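# Examination of the molecular architecture
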Amino acid sequence: VCSRWYTCCQGVVDKRKTRFFSALKLGCIEWYSPVYPKDAIPISRRFSHSTCVYESSMYVFGGCTSTNTTFNDLWHFDLGVHKWTRLLTTGTYPSPKAYASMVTWNNFLVLFGGWTHPSLYPLHQQWVLFSELHVYDILGNRWTQLYYPGSPPPTAGHSATVHGSVMVVFGGLQKQEGTFASTNDVFCLDLVRQCWFKPIVSESMPNPRYGHSQIKLDDKHILIIAGCGGSNKLYNDIWLLTIPDNIYDRGSKWLWEYIIVEESEHMPSQMWYNPACKVGKSIVMLSTSGSGSASGGGSMSQLLVPGSVRRQPANVWVPTVQQPDVRHQEYPAERHHVEPDQNAQRGQFRLGAPPADPSESSGDENEDALQQGGGDGSGLRGRGRPRPSIRPNASSDRERRLQVLSRMKERIQELSRQKGGTKSAAASSRSVPLRSTLMPHLLDISQIISHRRAKWWPGNSSASIGIPPQPLLLYSLVLGRGHLIMFGGIHQDPSGGQGQETVSNAVTFISSPSNSYFVA
């Protein structure tokens, strides 16, 4: 088009963005989800996927389901007509994986890292981390796997942003010398010179973490928000990373600085698995209306985690939740009785002592206990000696069946409460934080570079239009042209159901109302 027409269109886009920024501050937003026929949504339900926006399109790669099935498909979503299209690409496909990072650079999508869960059999397999680097040519519709020297160890749950022609990667979960641990390392990929390098950073730095948010403020500044360092290690701190003027100078030191956060009583109650997105001079994070603690990583009592996630923390990386009333229902009654000794070949369960909950420790601790107590998991259950059987994993199979029965019982109870329609059931459902209103929380970053300070704005959803989705975790949140786009995620279902309905494939737009009358 001509330059005048392009200028007019760009002015409309800028005006929509300005109006959206003002709407967020005033709490006057509109929630909108396109409605599709049941057989017309081609993309499957998923969470922990990778998402980025290029021009007027959103690209989604990979992710996993509630049964730990991972994907390696690439989807294109037209932000104008709200249409999904699966891209039948050529070249070398990436491995099926989730929790990888994907960024845009020129006309390319750069994909790095990720994890996948092996099949159920044989038992006791470790999930796999990747250090694969793939580049997708948007114009050529082709995947290319790249092998550059100095690559980081296999990593997942990390973050990445592009500064000029350099992709900066921070944190994540890595496997080094046979063990899994979070990291606070910074790696850089020079996309022009085609090599990795590790910069020199200051001694004061964030704690090792994964599941955090990385925000690009400009070409010289990066913001790291929240994260998780492992079991019972939730973070809600904010750090600023300053890049030297010459990003290619290997001798220059990168400076980490801790950011002072004001009005912390207005921060989201759940931060580490809720992605953050930069909108103007603010950071937007979606969470429930409850407020968090400035030193405890958010209100743990409001952190509802699905049972499928709690029982497999190494797969989804959700930390332990202190909810005795929820854990008490996870064990059937027969587990609390003494099991008789048969042929003096098996020990006895202790009275009233529930078995070890896998969510009480990280995946590394479980693997260490398995190695110390035997491959069949006898060390975790306190057995005296392994029981002779034609099936070496008979005791493990019994544990697995009991857990399945327990989850089925909980699911049936939850369905009966939903369909009963009694007043008591309705009152109890309203008291569960699952039904809390999802609302945007804003962090003012206008003085973060000049004064190293940030401030949380009070949340306000009284003037919102439409119905927000139920609280989710491990979804994606990206900025379009004057609106936020939320896709996928797993519902915070306390019943422990593992059905596919607990995972979402809905697209939700958060924008300013079309009939809003306020001005910036």
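Note: the structure precedes this text.
Described in the following lines is the structure provided in the data block. (Residues numbered from 1 in each chain as written. Predicted model: local features only at pLDDT ≥ 70, side-chain atom pairs only at ≥ 80, totals over all residues. Heavy atoms only, no water.)

## Quick word on the overall build of the protein
As a reminder of what qualifies: Per the convention used, a helix needs a DSSP run of H or I reaching at least four residues, while a strand needs a run of E reaching at least two, with both numbered from the N terminus. By definition, residues are in contact when any of their heavy atoms lie within 4.5 Å. Surface accessibility follows the Shrake-Rupley procedure with a 1.4 Å probe radius. Residue values consider only the protein chains on display as shielding.
What the protein contains, in helices and strands, is 8 helices and 34 strands. Sequence separation of at least 24 residues holds for 60% of the intrachain contacts in the protein that already meet a minimum separation of 6. Working note: accessible area of the protein is about 24,300 Å², and carbon and sulfur atoms make up 52% of it.

## Regarding the side chain of His158
We count it as follows: A simple rule labels every residue: compare its accessible area, found with a 1.4 Å probe on the protein chains alone, to the largest value its type can have, and call it buried under 20%, exposed over 50%, or partly exposed in between. By the criterion applied in these results, polar contacts are pairs of N or O atoms within 3.5 Å in which, for protein atoms, one can donate a hydrogen and the other can accept it, and in which residues neighboring in sequence qualify only through two side-chain atoms.
Within the fold, His158 resides in the loop between strand S13 (155-156) and strand S14 (159-163). For His158, a relative accessible area of 7% corresponds to the buried category. There is a polar contact of 3.2 Å between the side chain of His158 and the backbone oxygen of Phe112. Not counting residues within four places of it along the chain, the set of residues in contact with His158 comprises Tyr99, Ala100, Ser101, Phe112, Gly113, Gly114, Val169, Phe170, Gly171, Gly172 and His212.

## Focus: the sheet that holds strand S20 (residues 200-201)
Rules: One bridge is not enough; two strands pair if DSSP finds at least two bridges between them.
One open sheet accounts for 5 strands, arranged S20-S24-S23-S22-S21; its pairing is mixed. Each end of this open sheet is capped by a strand with a single partner; those strands are S20 and strand S21 (213-218).

## Examining the pattern of salt bridges
Rules: The term salt bridge refers to a side-chain nitrogen of Lys or Arg lying within 4 Å of a carboxyl oxygen of Asp or Glu.
With the rule as written, the count across this model stands at 8 salt bridges. Notably, a salt bridge pairs Lys97 with Glu132, separated by 3.5 Å at the nearest N-O pair. Here Lys97 is found in the loop between strand S6 (90-91) and strand S7 (101-105), whereas its partner Glu132 is found in the loop between strand S10 (128-129) and strand S11 (133-137), with 35 residues between them in sequence. Among the ionic pairs, Glu262 bridges to Arg453, the shortest N-O distance being 3.3 Å. Here Arg453 lies in strand S29 (residues 453-456) and Glu262 lies in strand S25 (residues 260-262), a separation of 191 residues in the sequence.

## Some remarks on the sheet that holds S6
Spatial strand order, S6-S12-S11-S8-S7: 5 strands in an open sheet with mixed pairing. The strands lining the two open edges of the sheet, one partner per strand, are S6 and S7. As judged from the 2 bridges shared by S6 and strand S12 (residues 142-145), these two strands associate in the parallel manner. Bridge pairing in S12 places Gly91 opposite Trp143.

## Topic: unusual backbone geometry
Positive phi outside glycine occurs at Asn68, with the angle close to 65 degrees. Checked against the element boundaries, Asn68 lands in the loop between strand S3 (57-61) and strand S4 (74-78). Of the residues examined, Asn68 reaches a relative accessible area of 10% and is grouped as buried. The phi dihedral of Tyr99 falls on the positive side, at around 60 degrees, and the residue is not glycine. As for its position among the elements, Tyr99 is in the loop between S6 and S7.

## Thoughts on the pairing of S14
Most of S14 sits out of view: 5 of its 5 residues are buried. Neither face of S14 is left uncovered, since the one carrying Ser159, Thr161 and His163 and the one carrying Ala160 and Val162 both have all their residues buried. The pairing of S14 with strand S15 (residues 166-170) spans 5 bridges and is antiparallel. Bridge pairing links Ser159 to Phe170 in S15. Counting the residues in the hairpin turn of S14 and S15 gives 2 residues, including Gly164, whose phi is positive at 70 degrees.

## A look at a nonpolar patch on the surface
Filter applied, for reference: Residues forming no salt bridge and having over 30% relative accessible area are the ones grouped into patches, like charges within 9 Å of each other and nonpolar side chains (Val, Leu, Ile, Met, Phe, Trp, Tyr) within 5 Å.
Together, Val404, Leu405 and Met408 make up a nonpolar patch on the protein surface, roughly 260 Å² of accessible area in all. For Val404, the location among the structural elements is in helix H7 (residues 394-420).

## Details of helix H1 (residues 3-26)
Put simply, the rule reads: An expected span of 1.5 Å times one less than the residue number is assigned to each helix.
Helix length check: H1 (24 residues) gives 35 Å between terminal C-alpha atoms against 34 Å at 1.5 Å per residue, within 8%. At its buried positions, H1 is contacted by strand S26 (276-279), strand S27 (282-288), strand S28 (438-444), strand S31 (476-479), strand S32 (483-487) and strand S34 (507-511). Backbone geometry just downstream of H1 places Gly27 in the positive-phi region, at approximately 75 degrees.

## As for the nonpolar core
Condition: What is meant by a nonpolar core is a set of buried Ala, Val, Leu, Ile, Met, Phe, Trp, Tyr and Cys residues, joined one to another through side-chain atoms within 4.5 Å.
By size, the foremost hydrophobic cluster in this structure holds 19 residues, and its most contacted members are Phe47, Trp115, Trp127, Leu129, Trp272 and Leu474. With 18 residues, the next largest nonpolar core counts Ile238, Met285, Ile445 and Trp456 among its residues.

## Some details on the pairing of S21
Relative to strand S22 (residues 221-230), S21 runs antiparallel, the two sharing 5 bridges. Counterpart to Ile215 in the pairing with S22 is Leu223. Between S21 and S22, which pair antiparallel one after the other, the connecting turn spans 2 residues.

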